[in-house]
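Survey of secondary and tertiary structure
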Protein chains: 2
Amino acid sequence: MEQKNPKAFTSSINPLEVFKEIEWKALELKRGDFLIKAGQTEKYLYYVVSGALRAYTYVDEEEHTIRFGYKNSIIAAIPSFFNEQPTDIYIEALRKSTLYRAKKIDFEKVMQESVKSLSYYNALLKDLIATFYEREIDILQKDPAKRLKRVLERSPQVFQEVPHKYIAAYLRMSAETLSRLLNS
Amino acid sequence: MEQKNPKAFTSSINPLEVFKEIEWKALELKRGDFLIKAGQTEKYLYYVVSGALRAYTYVDEEEHTIRFGYKNSIIAAIPSFFNEQPTDIYIEALRKSTLYRAKKIDFEKVMQESVKSLSYYNALLKDLIATFYEREIDILQKDPAKRLKRVLERSPQVFQEVPHKYIAAYLRMSAETLSRLLNS
DNA sequence: TTCTTTTTTTAACAAAGGTGAATAGAATCA
DNA sequence: TGATTCTATTCACCTTTGTTAAAAAAAGAA
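Notes on the structure in this doc start here. The structure displayed is predicted, hence computed values, not measured ones.

The next thing to look at is the pattern of salt bridges. As enumerated under the stated definition, the model contains 32 salt bridges over all chains in all. Residue E134 of chain A is joined to R150 of chain A by a salt bridge in which the shortest nitrogen-to-oxygen separation is 3.3 Å. In this pair, E134 of chain A sits in helix α4 (residues 115-140) while R150 of chain A sits in helix α5 (residues 144-154), placing the two residues 16 residues apart along the sequence. Overall, the relative accessible area of 29% leaves E134 of chain A in the partly exposed class. When its relative accessible area of 22% is taken as the criterion, R150 of chain A is described as partly exposed. We note a salt bridge from K30 of chain B to D33 of chain B, for which the minimum N-O separation is 3.7 Å. Look at the salt bridges and you will find they share partners, linking E134, D138, R150 and R154 of chain A into a network.

Structure (structure tokens):
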């Protein structure tokens, strides 16, 4: 069974397999490129083939890392994707990355045509809700060591893919605290 | 516009209006009664007419308050409702409460029969995702005063409905810290 | 490869918030 | 109503984690 978190607003479903009727367009990002920036409205869902990305937002000048995208994960500015309002999320490539993207309108078209697609879409939504819920429980833990443990057990590979300073931010701790925890 | 959070896994939609075809059964809870307990699978969606409830879960013996339900809000053990697996959530009435409930299977039936219902259902899901996202940003704030401010501005009435010690837990701070903040 | 930039580690220090305890105040129930 | 239980406040103390700074290590670019 594939791990679920902390992929970016993700699902254990491989959308390229499931939504074959949809046109998936390949794209290449280099380190520092953005998939989306605050103010834009999310029109795509992305599937990461290789590389690493992070989603973050600002509240009162403070940056908060909220999700990662890496191999086999879905990433997008999900709230904007669903409500079609401008997002406050930035998604940035942390290194050279290859992804596929599909248009929201293409999803909707396929959804109307096929009951099977609709049920897959529902599965995707369920997975999304599960991910959000897991995330909520993760960050509620008071003890930084517990927060680390949960994510480390669920998604050990993220520690290979993503610089620790971003993982620390994702776990709402300083890079120094994460370093202390990993070396003890 | 109605506030969105921290209702319990909620929506600004009034489901009694929108899902008229569904049979909504009234129920009365007294203080201390449970809507659902860990281990059970959520088969209902509840709409709160009056009263106050809280949803909480345990991680390593520690209790975490995750949502509240009160007047005009929806509450349920949402992840379980969607994935049909046993939940780890408890939902408890904090005082005498009146609610309506509808069966999941009735939702599904209506969804198949009417495109309009399906689109309302989608709206409900969007709202749910927005709520989860707001919640994530809320609890990520480092400063307890900021976490309080966000919820206080969005849902001032929760401070009338719910004992502060639960609000403190919801805001991941001690009751003492909340008291300090409110009296300064 | 070498150079440069970025990331990680370590340490000393400060400060924020939790804990425990005791009191005061509210709400609930018989 | 009065009694009891539950909730909120206050204080002193202490632990934990963030901050600042500097050095070491690693990764990326040329």
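The discussion continues.
By nearness alone, 17 residues border DNA strand D, and P144 and T177 of chain A together with K142, H164 and K165 of chain B come closest of all. Restricting attention to atoms of DNA strand D within 4 Å of the protein, one finds that 76% of them are sugar or phosphate atoms. Between a sugar or linking oxygen of DNA strand D and a side-chain N or O atom of K142 of chain B, the distance comes to 2.8 Å. Between DNA strand D and K165 of chain B there is a distance of 2.6 Å, counted from a phosphate oxygen to a side-chain nitrogen or oxygen. Looking at which element gives the most residues to the surface near DNA strand D, the answer is helix α8 (residues 175-182) of chain A, with 3 residues. Per-class residue counts for the surface near DNA strand D are 3 nonpolar, 5 polar and 9 charged.

Residue and element names in this part refer to chain A. The buried count for strand β5 (residues 62-70) comes to 7 of 9 residues, which makes it a mostly enclosed element. Here strand β4 (residues 52-59) pairs with β5 via 8 bridges, running antiparallel. Residue A52 lies in a different strand from β5, and its bridge partner there is Y70. Counted along the chain from β4 to the antiparallel partner β5, the turn is 2 residues long, and its residue D60 has a positive phi close to 50°.

To continue, consider the sheet that holds strand β7 (residues 89-93) of chain A. All names here are of chain A. An order of β2-β7-β4-β5 is seen for the 4 strands of this open sheet, with the pairing classed as antiparallel. On the outer flanks of this sheet lie β2 (34-36) and β5, each paired with one strand and no other. Geometrically, the sheet is characterised by an average inter-axis angle of 25° between neighbouring strands, direction not taken into account. Sheet topology places β2 next to β7; 2 bridges connect them, and they run antiparallel.

Between the two copies, chain B and chain A, the superposition gives an RMSD of 0.0 Å; the rotation angle is 180° and the shift along the axis is 0.0 Å. As the rotation angle and translation indicate, the two copies are arranged about a two-fold axis. A high fraction, 100%, of the interface residues of chain B reappear at the interface in chain A, so the copies pair face to face through one surface.

The rules behind the values
- Residues numbered from 1 in each chain as written.
- Chains lettered and ligands numbered in written order.
- Predicted model: local features only at pLDDT ≥ 70, side-chain atom pairs only at ≥ 80, totals over all residues.
- Heavy atoms only, no water.
- Salt bridge = Lys/Arg side-chain N within 4 Å of Asp/Glu carboxyl O.
- Helix = DSSP H or I, 4+ residues; strand = E, 2+ residues; numbered from the N terminus.
- Buried < 20%, exposed > 50% of the residue type's maximum accessible area, 1.4 Å probe, protein only.
- Near = heavy atom within 4 Å.
- Polar contact = N/O pair within 3.5 Å; in protein donor to acceptor, adjacent residues only side chain to side chain.
- Nonpolar A, V, L, I, M, F, W, Y, C, P; charged D, E, K, R; others polar.
- Pairing = 2+ DSSP bridges.
- Axes fitted to C-alpha atoms, helices over the stretch in contact; angles between N-to-C directions.
- Least-squares fit on C-alpha atoms with pLDDT ≥ 70 in both.
- Contact = heavy atoms within 4.5 Å.

Functional significance is not addressed by these values, which are geometric in nature.
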